[in-house]
Amino acid sequence: MRRTRRAMALMMLTGLLGSLLIGSAALAQTGTGTAAAEPVVFDVGVDSDITSLNPFNLCCGPDYEVMSLIYDTGFQFDNDTLEAAPGFIRSWERSEDSMDWTLHTVEGATWHDGTPATASDLAFTFALIADYQMPFYKDYFPFEPTFEVVDDTTVIWHSTEPTFAPEVPAYAPVLPEHIWGELVGSGDPSDPEVAKATRKTVKEFENAEAIGTGAFKLEEYENGQFIRLVRNENYWGTPPKSLDEVVFHVFTNQEAMVQALKGGDLDIVDALNPTLFNSLVADADPNIATHVGDGGCWGNIAWNFGGQKDAGGDTEDTADPVIHELDFRQAVARSIDRQEIVDKVYQGTAVVGYSILMPGSNGSWVAEIPEDIQFNYDVEAAKAQLDSAGITDTNGDGNREYEGNELDLELLTISDVSGSVDTGKLIQGYLADIGISSFFTTVNTNKAYDLWYTGEWDAYVWDWCPDPDPDFMLSVFTSDQCLGWSDGCYTNPEIDRLYDLQQTQLVRAERKATIDQMQLMIAEDMPVMVLNYWSDLQAFRTDTFTGHVRSPNNELGLYILGWTNDTYFNVEVVGADTGEGDGGGAIPTWVWVAVGGGVPLAAIVVFLSRRKTGDEEA
Amino acid sequence: MGTFGYLGRKVLHALLTLLFVISFNFVLFRWLPGDPVLLLARSQHLSREDIAEQIANLGLDLPLPEQYLHYMGDTLTGNFGLSVRSSQPVLDVIGDRIVPTLRLVGLGTLFSTVLGVLIGIKGAWRRGSVFDKTSLYGSLALYSMPEGWLGMLLLLLFGGSVFHLFPAGGVRSPGLEGFAYFVDIANHLVLPVLTLTLGYIGEYAIIMRASLIEMMGEDFVQTARAKGVPDRLVRRHHAIPNAFLPTFTLIFLSFGFLLGGAIVVEFVFSYPGLGQLSIEAVNESDFPLLQALFLISSGAVILFNFLADITYGYLDPRIKAV
């Protein structure tokens, strides 16, 4: 009797599930049958979310990429030279004394909300940054400039000193005055309190709609998950060839990002770690291309010259005096095998480097460092140089002394900086090879910033990421940057003089000659030892889109997150594929309908059947 | 002691614990090394003046006692301040992440609880059977398996390389509406919820099984059987309700941790919930955000403990009498 009831219940259940499956499948079929032309979507995988939609709160990673698609900047970068190229400013000329620059802005542009975008918006943005000294961007507006709006398409940049600053492509996006103007009070910006209050208000503005003039508009932003941009149909410039949408998907786990690429949910990914990148290379999937591009940063050992206390710091530095010996710094450089670091730490994905400027980021500004000041790996030469400088092992314990003190250097390595700790371990071995004892302290970036200003270290293994224009990178090596951007309070009057000189040289060739000289001096004087240029490891599907463009346009250029957005403007779909990422291989809708309806029904049937059985048992 | 006395004592305990947590919260994050503003300094090229201004804006330049008073006042009035990194209100930042976490951890806890308890009951009742042995060893294996490893395994198997059945990460796909939107969310939930369910199911099964086995030897169960009450009814009305008490506590504790997020699983599946947000906040020394996250998660634990205490008192009147 009991068996019969169970069989009946089973039959009922099967019948219900079957009809539900058939019905829902039919429903799903009807739904997909009406699919219209799908938008062409370019799905980009990135390893971190944007910091903010407010351009004054940008930090790193995809921040600038997203902003530069939504907003125009005054100038863009030329993809071949990384020099200024027309952006919102279409043409420009300067006065003979280079103190007045006339900037002609685009005609007929509108903001994403339909308001006309004019030269007045450009002048407003520049004045906001310069007058209120908005952090980060303000360095691009030196010599207290003022901005005169002549008409809807003309602004004159007046400088108090001759300058090339207007021609340096700033990252500053052109902002709509009708939105951002409301954040700026009527007070005098030269009043520090007014300026401070405005800076705070501007930085705290959420900017949720992110109204720009760029080729793409913000459509949807899901915190920590994705940023969806759609084509701006009213874009003033040449529109993207085929993309209707660009979606940046945030993957905190790179393995998940690679799976999404392999599964076809992503079209391109950035910032892969060497292990995953090499596994993709080994897979040799014909539909996935890999690319080693310029990572935009160089790894280095920076020496601490001390003097933080004298410069107004809170603590006495503990730097070893031997660091001031040029022979010591050069000998240490000779003891270090840069290529081994590249091979072992970066699994061959970085490039040995010598100059503080990088080929991928600084293009033609990079000087050729002659072999005699490259200080390549030569342990015997390193030992000989130390011996001749009197840095010897006088007590026979195997360790060298300086001015009667045993050398025992403290190396700071940073756990969350790519390769820092592993490089530190190798360097400890290299130092031991030439008779110098060392120990290293590993801290995270957070703690490293604290220690940086205290001077309580001898050397650290960190990185620098230069702008295309060399000015900022060069400034790091000037004397007045102690407790500013200087690594270890390095001072060299000649470097200071040359830095000031290059700021006033308005002829590129003359400025280049000065900057070349500075690079050679730094390579020889070795306040930092450049170890390697990092790579950005990217991969993309070749069966969804074609026409990716490197930025800059050379072998080290990046397909995305480079200096220009050429890839987004030039990619085209392969065949009939729309490039549409559906969020993943997924259980079809009809299965969910079946499960959603079937499970409760099954539960009811089983419950009823069991209750009846239970009643009979009772 | 009456019901009100019992309730009052529990409420007082909960409030005192919460007050301690709020104060501890203040001290804890100021003990951490590093400075939240300096973290942004290098990438944003901030000058020392800029840094000082930002520190002052955050009130981090004030003496600690003064900071504490501000903090207590703000916290008690529900003002958690601005996130250091994004300059947005902390509650807004948390608000964006709370629903995905409730969905993920809630479903994971629900499935693992229901399935674990059912497996435990069946295993105990048929002790020594093939089902019991299989489920026991299976539960032990799952219980001892790190959920990060399990998640990676599921991700590699079903997320793209081997079988591309589910999305490899995220909460939902962009641009969907209506029914497709909900289906998409369900698809994104399968792997992380499965990881959580498998990760915790063993714990519930083992505890329920052990508890029920102990109960089955009790006199009142034997008496019911001797009286000829059918096994199903003995199990349903006598053994299970009494054996359920330890599992019940565990369930409440699990729900208490719901708002803490599932840090490992959220990381593996790039699932932007509160767990993931906690990692970001720690990495960026985002004190205001960390404080609010810590307070919310500890508040939830305190609340569910309180609820467990109250409910427990009704389920087992002996507790109230103590």
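Residues numbered from 1 in each chain as written. Chains lettered and ligands numbered in written order. Predicted model: local features only at pLDDT ≥ 70, side-chain atom pairs only at ≥ 80, totals over all residues.

**Q** Would you mind showing me how to read the overall build of chain B here?
**A** What chain B contains, in helices and strands, is 14 helices and 0 strands. For chain B, the succession of helices and strands along the chain, N to C, is α-α-α-α-α-α-α-α-α-α-α-α-α-α. Considered along the principal axes of its C-alpha atoms, chain B spans approximately 85 × 60 × 40 Å. Within chain B, the proportion of its 322 residues that are buried is 42%. (Helix = DSSP H or I, 4+ residues; strand = E, 2+ residues; numbered from the N terminus. Buried ≥ 20, exposed ≤ 12 C-beta atoms within 10 Å, placed from the backbone.)

**Q** Explain the overall build of chain A to me, please; I cannot follow it from the model alone.
**A** Of the regular secondary structure elements, chain A holds 18 helices and 21 strands. Expressed as a percentage of the 618 residues in chain A, the buried residues total 49%. Considering only contacts within chain A whose residues lie at least 6 apart along the sequence, 71% involve residues at least 24 apart. (Contact = placed C-beta atoms within 7 Å.)

**Q** Would you explain the nonpolar core in this entry?
**A** Nonpolar side chains tend toward joint burial in soluble globular proteins. Judged by nonpolar contacts, the single largest core of 124 residues is most densely connected at Val44, Ile70 and Val246 of chain A. Of the residues forming this core, the biggest block, 16 residues, is contributed by helix 8 (residues 178-216) of chain B. Excluding residues within four positions of it along the chain, valine 246 of chain A makes contact with Phe42, Val44, Leu69, Phe216, Leu229 and Tyr568 of chain A. (Core = buried A, V, L, I, M, F, W, Y, C linked by C-beta atoms within 7 Å.)

**Q** It is not clear to me how the sheet that holds strand 7 (residues 154-158) of chain A should be interpreted in this structure. Could you clarify?
**A** Sheet strands line up and pair through hydrogen bonds in the backbone, either parallel or antiparallel. All names here are of chain A. As summarised here, the arrangement of the 4 strands in space is 4-5-7-6, forming an open sheet in which the pairing is antiparallel. Here the strands that pair on one side only, and so sit at the sheet edges, are strand 4 (89-94) and strand 6 (146-151). Neighbour to neighbour, the strand axes of the sheet diverge by 20° on average, direction disregarded. Relative to strand 7, strand 6 runs antiparallel, the two being bridged by 5 bridges. Among the inter-strand pairings, threonine 146 is bridged to a residue of strand 7, identified as histidine 158. Against the sheet, helix 3 (residues 119-132) touches strand 5 (100-105), strand 6 and strand 7, its axis set at about 175° to strand 6. (Pairing = 2+ DSSP bridges. Axes fitted to C-alpha atoms, helices over the stretch in contact; angles between N-to-C directions.)

**Q** What is the right way to look at the packing of helix 12 (residues 274-283) of chain B against helix 13 (residues 287-315) of chain B in this model?
**A** Relative placement of two packed helices is described by the angle separating their axes and the distance separating the axes. Residues and elements named next belong to chain B. One can describe the packing of helix 12 onto helix 13 by two numbers: an axis separation of 9 Å at closest approach and a directional angle of 145°. Considering the relative orientation of helix 12 and helix 13, their crossing is left-handed. Packed against helix 12, whose contacting residues are Leu274, Leu277, Ser278, Ala281 and Val282, the element helix 13 presents Leu289, Leu290 and Leu293 at the interface. In the contact of helix 12 with helix 13, the residues fall into 7 nonpolar, 1 polar and no charged. (Left-handed = near helix turned anticlockwise from the far one by under 90°. Nonpolar A, V, L, I, M, F, W, Y, C, P; charged D, E, K, R; others polar.)

**Q** Just checking my understanding: could you explain the confidence of the model for chain B for this structure?
**A** Any segment with low pLDDT has predicted coordinates that should not be analysed in fine detail. Residues and elements named next belong to chain B. Mean pLDDT for chain B: 84, with 91% of residues reaching 70 or above. Per-element averaging of pLDDT across chain B places helix 2 (residues 36-44) at the bottom with 59 and helix 6 (residues 130-144) at the top with 93. Interface scoring of the predicted complex returns ipTM 0.78; its pTM is 0.81. (pLDDT = per-residue confidence, 0-100.)

**Q** It is not clear to me how the pairing of strand 1 (residues 41-46) of chain A should be interpreted in this structure. Could you clarify?
**A** Residues in a regular strand point their side chains to alternate faces of the sheet. All names here are of chain A. Burial analysis of strand 1 places 6 of its 6 residues in the buried class, the great majority of the element. Along strand 1, one buried face is formed by Val41, Asp43 and Gly45 and the opposite face, lined by Phe42, Val44 and Val46, is buried too. Relative to strand 10 (residues 245-250), strand 1 runs parallel, the two being bridged by 6 bridges. Within strand 10, the residue paired with valine 44 across the bridge is phenylalanine 248.

**Q** Is there a simple way to think about the environment of aspartate 267 of chain A in this case?
**A** Residues and elements named next belong to chain A. Mapping aspartate 267 onto the fold places it in the loop between helix 6 (254-262) and strand 11 (268-269). Look at aspartate 267 and you get buried, because 27 C-beta atoms sit within 10 Å. Taking the C-alpha atoms as reference points, aspartate 267 and phenylalanine 540, separated by 273 residues in sequence, lie 5.6 Å from one another.

**Q** Hey, could you run me through unusual backbone geometry in this one?
**A** Residues other than glycine predominantly adopt negative phi, and peptide bonds predominantly adopt the trans conformation. Residues and elements named next belong to chain A. Serine 551 connects to proline 552 through a cis peptide bond whose omega is -5°. Within the secondary structure layout, proline 552 lies in the loop between strand 20 (545-546) and helix 17 (566-570). The phi dihedral of leucine 82 is positive, around 65°, even though this residue is not glycine. With respect to the secondary-structure elements, leucine 82 resides in the loop between strand 2 (75-77) and strand 3 (84-86).

**Q** Teacher, can you tell me more about the environment of arginine 541 of chain A here?
**A** Here arginine 541 of chain A shows up in strand 19 (residues 528-541). For the pair arginine 541 of chain A and leucine 266 of chain A, spaced 275 residues apart in the sequence, the C-alpha separation amounts to 7.9 Å.

**Q** What is the right way to look at the environment of aspartate 469 of chain A in this model?
**A** Relative to the helices and strands, aspartate 469 of chain A resides in the loop between strand 18 (459-464) and helix 14 (471-475). Looking at aspartate 469 of chain A, the number of C-beta atoms within 10 Å reads 22, which means it is buried.

**Q** What is the right way to look at helix 6 of chain B in this model?
**A** Residues spaced three or four apart along an α-helix point in a common direction, a consequence of the helix completing one turn every 3.6 residues. All names here are of chain B. Its 15 residues give helix 6 an end-to-end C-alpha distance of 21 Å, which sits within 8% of 21 Å, the value for a rise of 1.5 Å per residue. For helix 6, the set of buried residues is Ser135, Leu136, Ser139 and Leu142. Looking straight down helix 6, one finds its buried side chains confined to an arc of 135°; they lie on one side. More than 90 degrees from the buried face of helix 6, the exposed residues found are Val130, Thr134, Tyr137, Ala141 and Ser144. Structurally, helix 6 contributes buried residues whose contacts are with helix 5 (90-125) and helix 8. (Expected span 1.5 Å × (residues − 1). Arc of directions from axis to C-beta.)

**Q** Hey, could you run me through the pairing of strand 17 (residues 437-443) of chain A in this one?
**A** Pairing between strand 16 (residues 408-414) of chain A and strand 17 of chain A: 7 bridges, direction parallel. Following the sheet pairing, threonine 413 of chain A is matched in strand 17 of chain A by threonine 442 of chain A.

**Q** Before we go on, may I ask you to explain the packing of helix 8 of chain B against helix 10 (residues 231-256) of chain B in this structure?
**A** All names here are of chain B. Orientation of helix 8 relative to helix 10, taken along the N-to-C sense of each, is 145°, at an axis distance of 8 Å. In the crossing of helix 8 with helix 10, the sense of the turn from one axis to the other is right-handed. Residues Tyr204, Ile207, Met208, Ser211, Leu212, Met215 and Met216 of helix 8 touch helix 10, and the partners they reach there are Ala239, Ile240, Asn242, Ala243, Pro246, Thr247 and Leu250. In terms of residue class, the contact of helix 8 with helix 10 is made up of 11 nonpolar, 3 polar and no charged.

**Q** Please clarify how helix 12 (residues 420-433) of chain A should be interpreted in this entry.
**A** All names here are of chain A. Taking 1.5 Å as the rise per residue, helix 12 with 14 residues should run 20 Å; its terminal C-alpha atoms sit 20 Å apart, in good agreement. All buried positions along helix 12 are accounted for by Ser420, Thr423, Gly424, Ile427, Tyr430 and Leu431. Projection of helix 12 onto a plane perpendicular to its axis shows the buried side chains occupying an angular sector of 120°, all on one side.

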